[in-house]
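# Chain and residue survey
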Amino acid sequence: MSNHHDHSHYTEGIMFADDRSVDPAVVEMLHKAKKEHIETIHDRYAQQLPQCGFGDLGICCRNCLQGPCRVNPFGEPKEGICGADADLIVARNLLRTIVGGASSHVDHSYMAIHCLKEAALGKADYEIKGAAKIKTVAAKLGIPYEGRPDNEVAAEIADVAFADFGNTTSEPMRWLTATAPQERVDKWAELGILPTNPDREVRVAMHQTTMGVDGSPVNLLLSSLKAGLVDGYGGLQMGTDVQDILFGIPEPVKSEANLGVLSSDKVNIVVHGHMPEISEKIVEWSKKLEGEAIAVGAAGIQLAGICCSGNEILMRQGVPLAGNYLSQELAIITGAVELMVVDVQCFMPSITKVASCYHTKVVTTTPIGQLPDAEHFPFTPDTADEKAAAIVRMAIANYANRDPRKVQIPAYRCEAWGGFSVESIVGALSALDAEQPLKPLVDNIVAGNVFGAVGVVGCNNVKIRQDYQTVEMIKHLLANNVLVVATGCTAIALAKYGFMTPEGAEMYAGDGLKAVLTAVGEAAGLGAPLPPVLHMGSCVDNSRIGDLLGALAGYLGVSIADLPVAASAPELQHEKAVSIGTWAVALGVLTHCGVVPPILGSPLVTKVLTDDVEGLVGGKFFVELDPIKSADIMLEHIAAKRKALGI
Ligand code: SF4
Ligand code: MSK
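The structure presented is a predicted model; accordingly, all values stated were derived computationally and were not measured.

## Considering the site of ligand 1
The full set of residues close to ligand 1 is Cys61, Asn63, Cys64, Gln66, Gly67, Cys69, Gly80, Ile81, Cys82, Arg92 and Met211. When its residues are assigned to classes, the shell around ligand 1 shows 6 nonpolar, 4 polar and 1 charged.

Put into structure tokens, the structure is as follows:
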């Protein structure tokens, strides 16, 4: 099998592309699916068309049993049965969406804290690997750590995190006040949107949106900003800090991306979902049991990741990425996957049906994430080794059932670097200035070599062509010397087309940016430029972007809202992407959505989110479906921020 290591397949993809994807590996698998009569997400989407216009505009309400009610934006009725109008219905629905996203991240974070506590007490199958992170997190939380054993400090950190969930006072979350920039904390306090206890805020928001409670759309929108902070600090920040303590701070690592990373002669295990507690153990046991795979005639074990589980084990272990959200069914359709293991979030219920057409086994691992036709191995911190070993052995045993006639692995894979934590970025920069590592970056921003920075995050969405908006927008930004950091499924998109390689600097970056990437890469001993897009991890790892922004703002003595930066979710799909975007807006960042969120039924909500909110927090949303126009709007914004800073 030949594998393409060059980056020309993006162009090739455009040539092959239909309106579903620009990824030639994906297009090839969609053709295979059609030939083999396998239904995919694209077929189910087609069956849903035309989608409900009321739902699209956000003006359908099912919050009580007198409904469903829908209001007519162009005539009557203007109100639901209880009298709720379009503004109220849209605002309530939006808050519930954000709370849905925040709950996902907060629950993820809670599971990580539980694992950390058990590990710290020696009751779990996990060793604490992030000693350096223990110190930085302890320092932020005001926990003494000098001279104390790491596990004791880690247990106290877990207790502080748990205490936020048990907070019955009106004091704000300690994790938030300890980790967010003080200027932002003051701003949020002034607006009365500081969350106290993540669980309690979710409860209150659900209560607030039930029939006959809050009738004020503006009050609901303020609660939406608060729910964004619940996500940002009870989900992203807490989750990432705790995961770095458990599994270590990521360091730059070279790997590969796209379906061609699957092997024709190894046992292929695909890890999908979000929780590194599961994926790290699968990595560990795949290494330990490689001999058993060889004993059954395979050349070894090939692991590959989908969605954010993939991002987590790329960041810390260099495991290659098979693809992003829209590629999950297609990995199975290669016919080469022995087992797909999932945990929480973003795995489609369809995967077991697709798997039933091949020999692929699907394994679920959490009590809340089960699939009727999957094997269930519920992980707990003290049984993780036993469960992971059993899962890997199940994959090995299944290798004999692979039908070579059904195997077709697309010959597309691309080198991709991951592991750009804030710590590793600062580490690379300190090769230029050990005293003030951020100075070289800031000096280059001031000099205009780096025009600004954009964080690109979020999913794929079946409504739009996979990877297209992301890739075209990022090409335009890089050509204009904007440094890009990426997480989530957009990071996987960019990994597939060479944006995360040193050569990507040559191919995509403008001259100023290229010179800076080259200087940093050489000084840091990479012997090559830094990639123009830095992979900062999974969706919860968006807090790394927040940390970087906070550090830059702190260095300059300004607010994050003053920085020449923007954020974008070009292909958002999940409720989590909406809550992450709301957190970014609350941080003061202009935030792009490349898919229209269901709010247009309310002129009031639309105006507040895309205009008025800027006066409150400095950030706002904009919606634009054209990638070049989206990039241009961000470039104009960055130019305006530069001007205001006098640079
Ligand atoms: Fe209709 Fe009001 Fe009930 Fe919503 S809460 S379903 S608008 S009656
Ligand atoms: S996995 S939330 S589709 S980024 Fe984090 Fe991808 Fe979006 Fe899921």
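## Describing the site of ligand 2
Every one of the 13 residues lining ligand 2 counts as a neighbour, but Cys308, Cys346, Cys459, Cys489 and Cys539 are closest to it. Every element with two or more residues in the shell around ligand 2 is listed here: α14 (307-317) and α21 (488-495). Tallied by class, residues from the shell around ligand 2 come to 7 nonpolar, 5 polar and 1 charged. Viewed by domain, the shell around ligand 2 spans two of them, domain 2 (259-406) and domain 3 (415-645), each represented by three or more residues.

## Here's the deal with the packing of α14 against α21
At their nearest, the axes of α14 and α21 sit 8 Å apart, and the two run at 65° to each other. Between α14 and α21, the angle falls in the class roughly perpendicular. As for the relative orientation of α14 and α21, their crossing is left-handed in sense. Only Gly488, Cys489 and Ile492 of α21 make contact with α14, whose side of the interface consists of Cys307, Cys308 and Asn311.

## Observations regarding the domain arrangement of the protein chain
Parsing the protein chain into structural domains produces domain 1 (78-247), domain 2 (259-406) and domain 3 (415-645). Here the C-alpha centroids of domain 1 and domain 2 sit 30 Å apart. Contact residues are listed per partner, giving 17 residues for domain 1 and 18 residues for domain 2. Of all residues in domain 1, Asp125, Tyr126 and Phe247 bury the most surface against domain 2, accounting for 43% of the area lost on that side. Seen at the junction of domain 1 and domain 2, the total is 1 salt bridge. A salt bridge links arginine 316 to aspartate 244; the shortest N-O distance between them is 2.8 Å. The interface formed by domain 1 and domain 2 holds 9 residue pairs in polar contact (both at pLDDT 80 or more) in total. Counting only elements with at least two residues in the side of domain 1 that touches domain 2, the list comes to α5 (86-120) and α11 (217-247). Tallying contributions element by element places α5 first for the side of domain 1 that touches domain 2, with 9 residues.

## Looking at α21
Along an α-helix, residues three or four positions apart point the same way, because every turn accommodates 3.6 residues. Counting buried positions along α21 gives 8 out of 8 residues, so the element sits mostly inside the fold. Considered for burial, the residues of α21 that qualify are Gly488, Cys489, Thr490, Ala491, Ile492, Ala493, Leu494 and Ala495.

## Here's the deal with the sheet that holds strand β12 (residues 482-487)
The strand order across the open sheet built from 6 strands is β13-β12-β11-β14-β15-β16, with neighbouring strands paired in parallel fashion. The two strands at the open ends of the sheet, each matched to only one other strand, are β13 (533-537) and β16 (621-623). Here the strands of the sheet are splayed against their neighbours by 25° on average, with no regard to which way each runs. Relative to β12, strand β11 (residues 452-456) runs parallel, the two being bridged by 5 bridges. Note on β12: the bridge partner recorded for valine 454 is valine 484. This element, helix α27 (residues 627-645), spans β11, β12, β14 (565-569), β15 (590-593) and β16 of the sheet and lies at about 160° to β14.

Cut-offs and rules
- Residues numbered from 1 in each chain as written.
- Chains lettered and ligands numbered in written order.
- Predicted model: local features only at pLDDT ≥ 70, side-chain atom pairs only at ≥ 80, totals over all residues.
- Heavy atoms only, no water.
- Near = heavy atom within 4 Å.
- Nonpolar A, V, L, I, M, F, W, Y, C, P; charged D, E, K, R; others polar.
- Helix = DSSP H or I, 4+ residues; strand = E, 2+ residues; numbered from the N terminus.
- Domains from an automatic or database assignment.
- Axes fitted to C-alpha atoms, helices over the stretch in contact; angles between N-to-C directions.
- Parallel < 35°, antiparallel > 145°, perpendicular 65-115°, else oblique.
- Left-handed = near helix turned anticlockwise from the far one by under 90°.
- Contact = heavy atoms within 4.5 Å.
- Buried area = accessible area lost by both parts, 1.4 Å probe.
- Salt bridge = Lys/Arg side-chain N within 4 Å of Asp/Glu carboxyl O.
- Polar contact = N/O pair within 3.5 Å; in protein donor to acceptor, adjacent residues only side chain to side chain.
- Buried < 20%, exposed > 50% of the residue type's maximum accessible area, 1.4 Å probe, protein only.
- Pairing = 2+ DSSP bridges.

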